[in-house]
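# Breakdown of the fold
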Amino acid sequence: MADEPIPVYVRLNAHSLKRAIRSGWDMFSRSRPLSVSYAMVFSLIGLVILVGIVQASRAPMIFPLAAGFMFIGPVLLSGFFSLADRLLRKEECSFADVINGYKRTSSGMMLVASVCALLFMLWVINIANLYGVMVGRSPVTLLELVSPTTSILSFLLWTSLLGCFLAFLIFTVSAFSVPLMYYRRAGLVNAVKLSVRAVFANIIPSLQWALILSTGIIVSIVIFPLFLITFPVLAFASHALYRELFPD
């Protein structure tokens, strides 16, 4: 790795995010059955969690848990990166390509994934404790979210603020370090440094992209069927944005 050139990031412009999203939609359209099937794996896990929350009458927990997906989202992209590479070469894709993407997982990526998973678990514990303090043990159904009480609104406000801060912190560290390690362009330390520097060098587009990611994911998790489209499109778009930010 010492003899390899250090990747250089460029400045994103006002049209970078639009190009990334268009590219994401194009790749999704060309691999729709496979992309939807792959996204189904994660959506079923999320659906089980959401059903459990609703049955436990803890409906306000849906939104902070959906936001928590942003903690682990970047480390789930290896399969989509593999598909994107095949699509760029105009080759046929199969589920074997998804598996091959995860076979490229390096020790650095595993470490980032472990840290993200740990932060997600701590997030779940903390919001559960906060829920108990602010909302209490009284059952809260989905219908009650239509006209929420002051305590529910306060809970949603504080978890949103805390979630935005933590999600952006993780986004800064992992958003571009994961693809840099996936393509073996940098080791763990350099990849994280480059990701942080690239985000702050492009702070406005980065904030916009983080907002698009978080809003798209949270809304599509709450409105379940949308996730099967939103997640693949945003995953492919993330690949396109990385390629623009760190050109070969």
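Residues numbered from 1 in each chain as written. Predicted model: local features only at pLDDT ≥ 70, side-chain atom pairs only at ≥ 80, totals over all residues. Heavy atoms only, no water.

## Remarks on the pattern of salt bridges
- In this structure the tally under the stated criterion is six salt bridges.
- A salt bridge links E91 to R86; the nearest nitrogen and oxygen atoms lie 3.1 Å apart.
- The partner of D248 in a salt bridge is R185, and the shortest N-O contact between them spans 3.7 Å. You can see D248 sitting in the segment after α11 (227–245) and its partner R185 sitting in the loop between α8 (177–182) and α9 (188–201), a full 63 residues away along the chain.
- The class for D248 is exposed, based on a relative accessible area of 82%. (Salt bridge = Lys/Arg side-chain N within 4 Å of Asp/Glu carboxyl O. Helix = DSSP H or I, 4+ residues; strand = E, 2+ residues; numbered from the N terminus. Buried < 20%, exposed > 50% of the residue type's maximum accessible area, 1.4 Å probe, protein only.)

## With respect to the confidence of the model for the chain
- Residues at a pLDDT of 70 or more form 98% of the chain, whose mean pLDDT is 89.
- Here helix α3 (residues 62–72) stands out as the element of the chain with the lowest mean pLDDT, 81, in contrast to helix α1 (residues 16–30), whose mean of 96 is the highest. (pLDDT = per-residue confidence, 0-100.)

## Considerations on α3
- When you tally the buried positions in α3, you get nine out of 11 residues, the bulk of the element.
- Listing the buried residues of α3 in full gives I62, P64, L65, A66, A67, G68, F69, M70 and F71.
- For α3, the elements touching its buried residues are α2 (32–55), α6 (107–134), α7 (150–174), α10 (203–222) and α11. (Contact = heavy atoms within 4.5 Å.)

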